[in-house]
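What follows is each chain in one-letter form.
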Amino acid sequence: PDRPIDERKYPEFRYFIRTLLINGRISADTLVHALIYLSRFHCRVSRQRALVEEGAKHKLFLAALLVASKFCDDRWPLATVVVCDFLPSGLLSFAEVNRIERAFLKVIGYKLIVDPNEL
């Protein structure tokens, strides 16, 4: 938001995941769905188009988790505004998180239903 993307400092990935899971009160079911969505993303993106941007894995995990939470959790879906509150200051803006989420959905073809065999 205030700094160019290449100057942002993304937290250590494990810490980032833990922060999202704990602060977002993510259920095991939601996490499994997010991982399946990440697998679908991986299948749709060729190695030639692989993301090398700093923070790409953070953004992909965040997008998958947001989409899964909104799809799976009726009572406590992870909201973009909540995520922006507990991310490190200035890391991602509300608009950026929304853009990342829309782009992720487009790549996976909006395919959110998980077949029981995939579980």
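Residues numbered from 1 in each chain as written. Predicted model: local features only at pLDDT ≥ 70, side-chain atom pairs only at ≥ 80, totals over all residues. Heavy atoms only, no water.

Engineer: Give a description of the pattern of salt bridges that names residues and reports values.
Structural biologist: Tallied over the entire structure, the rule returns two salt bridges. The partner of Arg40 in a salt bridge is Glu118, and the shortest N-O contact between them spans 2.8 Å. Remark: Glu118 occurs in the segment after helix H5 (94-107) and Arg40 occurs in helix H2 (residues 28-44); sequence separation between them is 78 residues. Exposure remark for Arg40: the relative accessible area of 10% places this residue in the buried category. Classification of Glu118 as partly exposed rests on a relative accessible area of 35%. Two residues, Lys70 and Glu101, come together in a salt bridge whose shortest N-O distance is 3.1 Å. (Salt bridge = Lys/Arg side-chain N within 4 Å of Asp/Glu carboxyl O. Helix = DSSP H or I, 4+ residues; strand = E, 2+ residues; numbered from the N terminus. Buried < 20%, exposed > 50% of the residue type's maximum accessible area, 1.4 Å probe, protein only.)

Engineer: So what's going on with the environment of Phe13? Residues and values would help.
Structural biologist: Relative to the helices and strands, Phe13 is located in helix H1 (residues 13-23). By relative accessible area, Phe13 is classed as partly exposed at 24%. Separated by 48 residues in sequence, Phe13 and Phe61 place their C-alpha atoms 9.7 Å apart. Excluding residues within four positions of it along the chain, Phe13 makes contact with Lys57, His58 and Phe61. (Contact = heavy atoms within 4.5 Å.)

Engineer: Summarise a nonpolar patch on the surface; cite the residues concerned and give the values.
Structural biologist: On the surface, Val81, Val82 and Phe94 cluster together into a nonpolar patch covering about 250 Å² of accessible area. Along the chain, Phe94 turns up in helix H5. (Patch = residues over 30% accessible without salt bridge, like charges linked within 9 Å, V, L, I, M, F, W, Y side chains within 5 Å. Areas by Shrake-Rupley, 256 points an atom, 1.4 Å probe, with all protein chains shown as cover.)

Engineer: If you had to explain unusual backbone geometry to someone new, which residues and values would you point to?
Structural biologist: Located in the positive-phi region is Arg25, a residue other than glycine, with phi close to 50°. As for its placement among the helices and strands, Arg25 is situated in the loop between H1 and H2. Backbone geometry places Tyr110, a non-glycine residue, at a positive phi of 60°. With respect to the element layout, Tyr110 can be found in the segment after H5. Classification of Tyr110 as exposed rests on a relative accessible area of 54%.

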